[in-house]
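Fold and geometry: a report
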Amino acid sequence: MTKLTNCLDTFSIYVGTYAKYNEGSIYGEWLNLSDYSDYDELLQAMQELHQDEQDPEFMIQDHECSQFFIKQKLISECHLSANIYEIAEEINNSDYDFEVIEAYAECMSYYHEDVSDLLDSLSDSYYGEYSSDEDFAQCTLEQDGSIPENLPSYICIDWEATARHLMYDYMSSNGYYFRN
């Protein structure tokens, strides 16, 4: 898997204003966050787009982005975090592909206010990518020495049942596995 150069590559927003919307217009434009170097540059583009208003109140009428950004409460109809670019940089500079970070966030039932905390928590619990729970169980038990290398051929292990029990201590999303 290739590491994305920028987790904002697939992040775009359709920006209108509340004033236009209240007048019955959804005029706006799609902006790709990766086209801007920071939040201030994005904000300037939004202001230029709606320069016909003196003090536009921006409305994010639609967005296309990873669920990660939504779950981390970085975007909503009336909000785009001013820290989005710093957070993206921290993610891009981490040791993990964005897909792993997304999978971990999906497994978590709460959001992390600080992405550094999320990344620290991830590094403590990440076990890797596997094609199935059974594959994960077998690799995990072989690696930690729980299964002797010279297991007699007449012994059969029910990997499905073993995986089911092992998964009480683990969680997974999109093939990525994490310790609870």
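What comes next is a walk through the structure. (Residues numbered from 1 in each chain as written. Predicted model: local features only at pLDDT ≥ 70, side-chain atom pairs only at ≥ 80, totals over all residues. Heavy atoms only, no water.)

One way to put it is that helix α7 (residues 133–143) packs onto helix α8 (residues 159–166) with a least axis distance of 8 Å and a crossing angle of 80°. Accordingly, the angle class assigned to the pair α7 and α8 is roughly perpendicular. Within the contact between the two elements, α7 uses Asp133, Glu134, Phe136, Ala137, Gln138, Thr140 and Leu141 and α8 uses Trp159, Glu160, Thr162, Ala163 and Leu166. Among the residues making up the contact of α7 with α8, the classes are represented as six nonpolar, three polar and three charged. (Axes fitted to C-alpha atoms, helices over the stretch in contact; angles between N-to-C directions. Helix = DSSP H or I, 4+ residues; strand = E, 2+ residues; numbered from the N terminus. Parallel < 35°, antiparallel > 145°, perpendicular 65-115°, else oblique. Contact = heavy atoms within 4.5 Å. Nonpolar A, V, L, I, M, F, W, Y, C, P; charged D, E, K, R; others polar.)

A few words on the sheet that holds strand β3 (residues 58–64). Taken in spatial order, the three strands line up as β2-β1-β3 in an open sheet, and their pairing is antiparallel. Among the strands making up the open sheet, the edge pair consists of β2 (29–32) and β3. Each strand of the sheet is rotated relative to its neighbour by a mean of 35°, with strand direction disregarded. Pairing geometry for strand β1 (residues 12–17) and β2, over four bridges, is antiparallel. Counted as the bridge partner of tyrosine 14 is tryptophan 30 from β2. (Pairing = 2+ DSSP bridges.)

Let us now look at the pattern of salt bridges. Overall, the coordinates contain two salt bridges when judged by the stated rule. As a salt-bridge pair, lysine 20 and aspartate 52 come within 2.9 Å of each other at their nearest N and O atoms. In this pair, lysine 20 is assigned in helix α1 (residues 18–22) and aspartate 52 in the loop between α2 (39–49) and β3, connecting sequence segments 32 residues apart. Taking the relative accessible area as the measure of exposure, lysine 20 reaches 8% and is therefore buried. (Salt bridge = Lys/Arg side-chain N within 4 Å of Asp/Glu carboxyl O. Buried < 20%, exposed > 50% of the residue type's maximum accessible area, 1.4 Å probe, protein only.)

Here three strands make up an open sheet; going across it, the order is β6-β8-β7 and the pairing antiparallel. The open sheet is flanked by β6 (126–129) and β7 (170–173), the only strands paired with a single partner. The average angle at which neighbouring strand axes cross in this sheet is 20°, direction not considered. Here three bridges tie β6 to strand β8 (residues 176–179), and the two strands are oriented antiparallel to one another. Paired with tyrosine 126 across the bridge in β8 is phenylalanine 178.

With that out of the way, let us pick up the packing of aromatic side chains. For any pair of aromatic rings, geometry is given as the distance between the ring centres together with the angle between the planes. Under the counting rule described, the total for this entry stands at 14 aromatic pairs. Taken together, a centroid distance of 5.7 Å and an interplanar angle of 85° make the contact between tyrosine 96 and tyrosine 126 edge-to-face. One end of the pair, tyrosine 96, is in the loop between α4 (84–92) and α5 (98–107); the other, tyrosine 126, is in strand β6, with 30 residues separating them in the sequence. Residue tyrosine 96 is classed as buried on the basis of its relative accessible area, which comes to 16%. By relative accessible area, tyrosine 126 is classed as partly exposed at 26%. The interplanar angle of 85° and the centroid separation of 6.3 Å between the aromatic rings of tyrosine 127 and phenylalanine 136 together place this pair among those described as edge-to-face. Look at phenylalanine 136 and you get buried, because its relative accessible area is 0%. Each member of the aromatic cluster is reached from another via a ring pair, and the members are Tyr127, Tyr130, Phe136, Tyr170 and Tyr177. (Phe/Tyr/Trp six-rings, centres within 6.5 Å; stacked < 30°, edge-to-face > 60°.)

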